[in-house]
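Tertiary structure, described
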Amino acid sequence: MKRIFLLISGIALSLGVNSQVTFEAQGKGGMASTWLFNKNISDQGAEQDYAMAWGSSYGVGINLYYKNIGIGIEGLASKHTGGYAGDLGVLGKYSAHSTLKGYQIPVLLKLKSEGGVYLELGVQANGVSNATYTIDYTDSDIFDGSSDETVNYSKNYMSAVLGFGANVKLSKKIPLGLLFGLRLNYGFGDAEGVDALGNNLDNSFLYSTYEKTNAASGAIMLGLTYGFELK
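Note that the coordinates shown come from a computational prediction; the quantities given were computed from them, not determined experimentally.

1. Regarding the pairing of strand β4 (residues 69–87)
The pairing of strand β2 (residues 49–51) with β4 spans three bridges and is classified as antiparallel. Across the sheet, A51 pairs through a bridge with G83, a residue of β4. What sits between the antiparallel neighbours strand β3 (residues 54–66) and β4 is a turn of two residues, in which K67 has the positive phi angle 60 degrees. Examined bridge by bridge, β4 and strand β5 (residues 93–112) share 17 bridges and lie antiparallel to one another. Along β5, the bridge assignment pairs G72 with L108. Hairpin remark: β4 followed by β5, antiparallel, with five residues in the connecting loop; positive phi at G89, about 70 degrees.

This is the structure:
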């Protein structure tokens, strides 16, 4: 990450003589609908199903634009939750969550209009530092519980990013802007992990064929930006 920041800074300095080059710093955060998809969970019918869950991210970013085309990198602290629900018959119904805490480092190609509307696409490195699984039965609390499942999740995986929104200038005199947009994220790397009942997904006794876990999210992003021309 440090090397990428230095590379962008070096490009900024080398292009600084061109007044069409702008530098932008961002403080931002987002609330997201988050999911952990796995084919072996999807195949279990009513016993294991997906449910709505929520996550968040916050941090900083920098962008370097030449005219209306740019590149950017961000460093974000993140929480990504997979939600589950099911009916186990005699044991009754339950809800469960796997919550992953860590970081996100998106590297993005940026396109913007003169009015501040933007499109972004790129790749993102995701790191997992802590993973917790919890389960709650509807009719009884005898089997309720939580466990640390960090060892069962991948420490890092990659994902694709697509986003769009607008960066609205707050004043003609002060180079501050208000950013709001939507960002979609889909993991093409394997997040690994546990199923809706907390069983390890690489358990060959339960699942004869291993299937990877794809982390997905859709986030509403808000932030403040500070931009200026390099001269």
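From this point, things continue past the structure.
2. Considering the pattern of salt bridges
Opposite charge on two side chains allows them to pair when their charged atoms are near. In the structure shown here, the tally under the stated rule is five salt bridges. For E74, the salt bridge is made with K28, and the minimal N-O distance between the two is 2.8 Å. A residue pair is termed long-range when its members are at least 10 positions apart, and E74 in strand β4 and K28 in strand β1 (residues 21–38) qualify at 46 residues. Across this residue pair, the class does not change: E74 and K28 are buried. In this structure, the salt-bridge partner of K39 is D43, at a minimum N-O distance of 3.1 Å. According to the relative accessible area criterion, K39 is partly exposed, its value standing at 47%. For D43, a relative accessible area of 48% translates into the label partly exposed.

3. A word on the nonpolar core
Judged by nonpolar contacts, the single largest core of 19 residues is most densely connected at L36, Y84, Y94, A96, L100, I135 and Y153. Of all the elements in the fold, those that place two or more residues in this core are β5 and β6 (117–137). The element best represented in this core is β6, accounting for five residues. Look past the residues within four positions of I135 in its chain and what remains in contact with it is Y94, S95, A96, F143, D144, G145 and L197. Core analysis: the next-biggest nonpolar cluster, separate from the first, contains seven residues, L64, I73, I105 and L230 among them.

4. A look at the packing of aromatic side chains
Summed over all chains, the structure comprises seven aromatic pairs. Centroid distance W35 to F37: 5.8 Å. Interplanar angle 5 degrees. Geometry classified as stacked. Seen in terms of ring centroids, Y137 and F143 are 6.0 Å apart; in terms of plane orientation they differ by 65 degrees. Their pairing is edge-to-face. By relative accessible area, which is 11% here, Y137 ends up buried. Each member of the aromatic cluster is reached from another via a ring pair, and the members are W35, F37, Y50 and Y84. Above the ring of Y118, the side-chain terminus of K110 is found at 5.8 Å from the ring centroid.

Conventions and cut-offs
- Residue numbers run consecutively from 1 along every chain, following the written order of its sequence.
- Owing to the predicted nature of the model, reporting of local features is limited to residues with pLDDT of at least 70; listing and counting of side-chain atom pairs is limited to 80 or more, with chain, interface and lining totals taken over all residues.
- Water and hydrogen atoms were dropped before computing side-chain values, which therefore reflect all heavy atoms in the structure.
- Whether two strands pair depends on DSSP finding at least two bridges between them.
- Each helix is a run of H or I in the DSSP string that is no shorter than four residues. Each strand is a run of E no shorter than two, and both are numbered from the N terminus.
- Put simply, a salt bridge is a Lys or Arg side-chain nitrogen that is within 4 Å of an Asp or Glu carboxyl oxygen.
- Each residue is assigned to one of three classes by its accessible area relative to the maximum for its type, calculated with a 1.4 Å probe on protein chains only: buried under 20%, partly exposed between the two thresholds, exposed over 50%.
- Here, nonpolar core means buried Ala, Val, Leu, Ile, Met, Phe, Trp, Tyr and Cys residues that are tied together by side-chain atoms lying within 4.5 Å of each other.
- Contacts are assigned to residue pairs that have any heavy atoms within 4.5 Å of one another.
- To pair, rings of Phe, Tyr and Trp, with the six-membered ring standing in for Trp, must have centres within 6.5 Å; the planes then decide the type, stacked if under 30 degrees apart, edge-to-face if over 60, and tilted in the middle.
- Charge over a ring is defined by NZ of Lys or CZ of Arg lying within 6 Å of the ring centre and within 35 degrees of the ring normal.

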